[in-house]
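# Residue-level structure breakdown
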Amino acid sequence: MKIVLVTQRIEKIGKYLEDRNNLDSRLTNYLNRIGYIPILVPNNFSLMLKLIKNLKIKGILLSGGGDPKKKDIRSKIERHLVKYSINTNTPLIGICRGAQAINLYFKGKIVKINNHVKVKHFIFFKNTKKKYKVNSFHDYGIKKKSLSKKLKEIASSKDGCIELFSTNNNKILGMMWHPERESKIKYTDKKIIKKIFS
């Protein structure tokens with residue numbers, strides 16, 4: 001099975017407001033079920049460097065949850081991992097916040113949007129008649145005009161928000177929905193992920 005590095009959010013937990021690395025367990029379970037070994041990246045820069053040096057990484061996943069504009073250690077690590085992906089041709093996927101972080105890395109923008117939290121809606125694949133129903137849990141998104149010029153649209157929602165995009169070489173992919181939050185593994189989600197992490 002292929003090893004995929006997965007980033008985590010930082011949250012202050014409990015009475016003493018301890019900094020905790022945090023990840024929805026559904027994401028690691030999902031990756032395992034579709035054939036990968038998820039290795040969680042601690043929010044520690046030197047440890048992250050040791051992981052990418054000593055493991056045979058076949059993919060990187062920037063997880064959801066949190067503000068991608070926040071200047072913290074998670075953002076520093078994720079920016080380094082995007083750069084590492086570019087330099088080594090290692091496939092990388094960003095989910096929700098992770099997709100936003102990719103767009104910001106490539107000098108795109110994110111904007112406040114409406115009607116994308118705890119709903120399901122269709123996305124429409126560019127230059128085809130194909131549509132696909134996805135979940136949505138974000139109040140910031142990427143409008144067509146705010147997508148980086150270095151990224152290409154694959155699918156968007158009816159209100160003009162980019163829902164799926166990639167770099168021109170298709171090694172970096174951003175998806176704005178959460179495949180791990182579906183009750184069952186959806187064929188299209190699995191196909192999209194496995195195409196990148198092949």
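Residues numbered from 1 in each chain as written. Predicted model: local features only at pLDDT ≥ 70, side-chain atom pairs only at ≥ 80, totals over all residues. Heavy atoms only, no water.

## What to know about the overall build of the protein
Which entries qualify depends on this criterion: Going along the chain from the N terminus, every DSSP run of H or I of four or more residues is numbered as a helix, and every run of E of two or more is numbered as a strand. Throughout, radius of gyration means the C-alpha value; the globule benchmark is 2.2 Å times the number of residues raised to the power 0.38. Each residue is assigned to one of three classes by its accessible area relative to the maximum for its type, calculated with a 1.4 Å probe on protein chains only: buried under 20%, partly exposed between the two thresholds, exposed over 50%. Note on contacts: a residue pair is in contact if any heavy atoms of the two residues lie within 4.5 Å. Per-residue accessibility takes into account occlusion by the displayed protein chains alone, with areas from the Shrake-Rupley method and a 1.4 Å probe. For the purpose of charge, His is not counted, nor are the chain termini; Lys and Arg are scored as positive and Asp and Glu as negative. A charged residue contributes its charge at one atom only: NZ of Lys, CZ of Arg, CG of Asp or CD of Glu.
The helix and strand inventory of the protein stands at 5 helices and 13 strands. Against the compact-globule benchmark of 16 Å for 198 residues, the protein has a radius of gyration of 16 Å, which places it among compact chains. Dimensions of the protein, computed from the C-alpha atoms along their principal axes, are close to 45 × 40 × 35 Å. By the burial criterion, 49% of the 198 residues in the protein qualify as buried. A separation threshold of at least 6 residues defines the contact pool for the protein, and within that pool the share at least 24 residues apart is 64%. Summed over all atoms, the accessible surface of the protein reaches about 10,800 Å², with 52% contributed by carbon and sulfur. In the protein, the 44 positive side-chain charges and the 14 negative ones have mean positions that sit 7 Å from each other.

## Digging into the pattern of salt bridges
Put simply, the rule is: Salt bridge, as used here: a side-chain nitrogen of Lys or Arg that lies within 4 Å of a carboxyl oxygen of Asp or Glu.
Enumeration according to the criterion identifies 10 salt bridges in this entry. For the salt bridge of Glu11 with Arg9, the shortest nitrogen-to-oxygen distance reads 3.0 Å. A residue is classified by how much of its surface remains accessible, and Glu11, at 27% relative accessible area, is partly exposed. What makes Arg9 partly exposed here is its relative accessible area of 26%. Residues Arg74 and Glu78 are paired through a salt bridge, measuring 3.2 Å at the closest nitrogen-oxygen approach. Here Arg74 and its partner Glu78 are both found in helix H3 (residues 73-88), 4 residues apart, which amounts to about one turn of the helix. When its relative accessible area of 3% is taken as the criterion, Arg74 is described as buried.

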